[in-house]
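# What the coordinates show
Chain by chain, the residues:
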Amino acid sequence: MTRHYAFFKNYTSSLILLGAITIGCILGLIFKEKAVMFKPFGDIFLNLLFTIVVPLVFFSIASAVAAMSNIQRLGKIVLWMMVVFTVTGIIASVLMLVAVKLYPPAEGINVALPSAAHFEPLNVSDQIVKAFTVADFADLLSKKNMLALIIFALLIGLSACTLGEKARAFTAFLLSGNEVMMKAIGFIMLYAPIGLGAYFAYLIGVFGPQLLGTYARAMTIYYPVAIAYFFIGFSFYVFLAAGKKGLRIFWPNVTPAALTALGTCSSMATIPANLEAAQRVGVPRDIREMVIPIGSTIHMDGSCLSAVLKTAVLFGLFHMNFSSPWAMVTAVGVALLSGTVMSGIPGGGFLGELMIVTLYGFPIVAMPIISMIGTLVDPPATMVNAIGDNVSSMLVARILGGKNWMSRRE
């Protein structure tokens, strides 16, 4: 009884969301073309998300960086942590990229959706400039320039952090602003079951059940790839960090954290179990207490896997070419960046989806389509996200402590 109660408690929001979407799909099948009457209720939800995304991303990133302490002492840890996060994220993204090329998730699916905005690559230099910077501060307030906003938030947070006591009031403002934005999106997410349910009623009623085939193909890709990456990929990383001895110690100690992540669907909720597992494995205190908490926010291999899958699904549904080098490279880049604002924020998974939709110019109808994929893959994705932080702390310990770092276990 207790286990069943814990399961439903942990998965309440996901179950409600899936239930609302299911009801929406049924209403769409019943009302068919008349289901367009539900669309305004879905548009309200999507418009609220698109409105909150800019201040939410700014405050969440700027406050996290501004609140960091002892950055001089932990400079090397942060540097190698970011290197490890980036490399493992790229590996996960490329792995899914190979999977969707071998088994396209939208192949054979013919849905008459609105056309996506024309996507015409610029030359490399122009693309870099336009992706990471804007010409005017006011342009940062647009969701179309999300990458530039992230860079700006990092700079502001770093500036406040290095000024220390002089910027105490400003840092407090950033932290307070982050709390306000998180509460605001929490309120918005209360409307999510109605908004997404209504939008799916519209989608199924107008475009038919053909979309359901896309979800089946997407799940057939994601679950095997995520499970293989979890057991095989993480075992490889652990072997690099600590050899066979590390493998013998790692898996028994990390199991509680893995089950916590799977059961709660929250990397933040897994931090205590993750820190305990890292301590038992022997990761030095300063490394584990830096890498695991920060990783729960900005390091998500499972989300990288799903971001590439979502991008491939939309490219297929909107009949866009996903085979070009530019499309594949940007898909990996978006996968890395979409993971930086997901964990620890109510409904944060929508932010990565907003990046995908806005960067490639997909119409608004694309948002609820990939949101459903995010909901379906959330449990295994969170497990990969959380345990990936633990593995990363071992890799950082190996880089900074040499091959015998485990012999100095605390």
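Cut-offs applied
Residues numbered from 1 in each chain as written. Predicted model: local features only at pLDDT ≥ 70, side-chain atom pairs only at ≥ 80, totals over all residues. Heavy atoms only, no water. Helix = DSSP H or I, 4+ residues; strand = E, 2+ residues; numbered from the N terminus. Buried < 20%, exposed > 50% of the residue type's maximum accessible area, 1.4 Å probe, protein only. Contact = heavy atoms within 4.5 Å. Areas by Shrake-Rupley, 256 points an atom, 1.4 Å probe, with all protein chains shown as cover. Expected span 1.5 Å × (residues − 1). Core = buried A, V, L, I, M, F, W, Y, C linked by side-chain atoms within 4.5 Å. Phe/Tyr/Trp six-rings, centres within 6.5 Å; stacked < 30°, edge-to-face > 60°. Polar contact = N/O pair within 3.5 Å; in protein donor to acceptor, adjacent residues only side chain to side chain. pLDDT = per-residue confidence, 0-100. Salt bridge = Lys/Arg side-chain N within 4 Å of Asp/Glu carboxyl O. Patch = residues over 30% accessible without salt bridge, like charges linked within 9 Å, V, L, I, M, F, W, Y side chains within 5 Å. Axes fitted to C-alpha atoms, helices over the stretch in contact; angles between N-to-C directions. Left-handed = near helix turned anticlockwise from the far one by under 90°. Nonpolar A, V, L, I, M, F, W, Y, C, P; charged D, E, K, R; others polar.

This paragraph deals with the overall build of the chain. The secondary structure content of the chain amounts to 16 helices and 0 strands. A buried classification covers 51% of the 410 residues belonging to the chain. A separation threshold of at least 6 residues defines the contact pool for the chain, and within that pool the share at least 24 residues apart is 83%. With an accessible surface of roughly 18,600 Å², the chain has 68% of that area assigned to carbon and sulfur atoms.

Next up on the list: helix H7 (residues 168–190). Its 23 residues place the ends of H7 33 Å apart at the C-alpha level, agreeing with the 33 Å of an ideal helix rising 1.5 Å per residue. Of the residues making up H7, those classed as buried are Thr171, Leu174, Gly177, Asn178, Met181, Ile185, Ile188 and Met189.

Of all hydrophobic cores here, the largest spans 117 residues; its most connected members are Met96, Phe234, Leu309, Leu314, Phe362, Ile387 and Met394. With 21 residues, helix H9 (residues 210–264) is the single largest residue contributor to this core. Other than its neighbours up to four places away in sequence, Met394 contacts Val238, Ala241, Ala242, Phe250, Val281, Val283 and Trp405.

As a further point, take unusual backbone geometry. If you check the backbone angles, Lys32 has positive phi at about 55 degrees while not being a glycine. By the secondary structure assignment, Lys32 is in the loop between helix H2 (12–31) and helix H3 (39–66).

This brings us to the packing of aromatic side chains. Enumeration over the complete set of coordinates arrives at 21 aromatic pairs. Between Phe58 and Phe59, the ring centres sit 5.3 Å apart and the planes meet at 75 degrees, which makes this aromatic pair edge-to-face. In this pair, the class of Phe58 matches that of Phe59, namely buried. Between Tyr199 and Tyr202 the ring centres are 5.5 Å apart and the planes differ by 90 degrees, which places this aromatic pair in the edge-to-face class.

Here Ser392 lies in helix H16 (residues 378–401). There is a polar contact of 2.8 Å between the side chain of Ser392 and the backbone oxygen of Gly388. Setting aside residues up to four positions removed in sequence, Ser392 forms contacts with Val84, Phe85, Val291 and His299.

A separate point is the side chain of Ser93. Structurally, Ser93 can be placed in helix H4 (residues 75–102). With a relative accessible area of 0%, Ser93 lands in the buried category.

Turning next to helix H12 (residues 301–317). The periodicity of an α-helix, 3.6 residues per turn, causes residues three or four positions apart to be oriented the same way. For H12, spanning 17 residues, the distance from its first C-alpha to its last is 25 Å, which sits close to the expected 24 Å at 1.5 Å a residue. Within H12, 16 of the 17 residues are buried, which leaves it mostly tucked inside the rest of the structure.

Let us look at the confidence of the model for the chain. For the chain, mean pLDDT is 79; residues scoring 70 or higher make up 80% of the total. Per-residue pLDDT stays below 50 along residues 118–124; that stretch engages in 7 contacts with residues further than four places along the chain or on separate chains. Segment residues 341–347: pLDDT under 50, and 28 contacts once partners within four positions in sequence are set aside and those in other chains are kept.

To continue, consider the pattern of salt bridges. Counting across every chain of the model gives 3 salt bridges. Note that Lys39 and Asp43 form a salt bridge whose closest N and O atoms lie 3.0 Å from each other. One end of the pair is Lys39 and the other is Asp43, both in helix H3 and 4 residues apart, which spans about a single turn. A relative accessible area of 23% means that Lys39 is categorised as partly exposed. Residue Asp43 is classed as buried on the basis of its relative accessible area, which comes to 18%. Arg168 is the salt-bridge partner of Glu165, the closest N and O atoms lying 3.1 Å from each other. Take Glu165 and Arg168: they sit in the same class, and that class is exposed.

This part is about a nonpolar patch on the surface. Taken together, the side chains of Leu79, Trp80, Val83, Val87, Ile91, Ile399 and Leu400 present a nonpolar region at the surface, about 550 Å² in accessible area. Within the residue set of the nonpolar patch, elements represented by two or more residues are H4 and H16. The dominant element in the nonpolar patch, judged by the number of residues it contributes, is H4, at 5 residues. By the secondary structure assignment, Leu79 is in helix H4. Overall, Leu79 belongs to the exposed group, its relative accessible area being 51%.

Before going further, it helps to spend a moment on the packing of helix H10 (residues 271–281) against helix H11 (residues 285–298). Running from N to C, H10 and H11 cross one another at 150 degrees; their axes reach a closest spacing of 10 Å. Every pair of crossing elements has a handedness; the one defined by H10 and H11 is right-handed. Facing H10, whose interface residues are Ile271, Asn274, Leu275, Ala278 and Gln279, H11 presents Arg288, Glu289, Ile292, Pro293 and Ser296. Among the residues making up the contact of H10 with H11, the classes are represented as 5 nonpolar, 3 polar and 2 charged.

Looking now at the environment of Leu17. Looking at where Leu17 falls in the secondary structure, it is placed in helix H2. A relative accessible area of 10% means that Leu17 is categorised as buried. Discounting chain neighbours no more than four positions away, the residues touching Leu17 are Ala192, Pro193, Leu196 and Thr375.

Moving on to the environment of Glu353. In this fold, Glu353 is placed in helix H14 (residues 349–360). On the accessibility criterion, Glu353 (3% relative accessible area) is buried. Each C-alpha atom of the pair Glu353 and Thr311 lies 8.9 Å from the other, and the pair is 42 residues apart in sequence. If sequence neighbours within four positions are ignored, Glu353 has contacts with Lys310, Met367, Ile370, Ser371 and Gly374.

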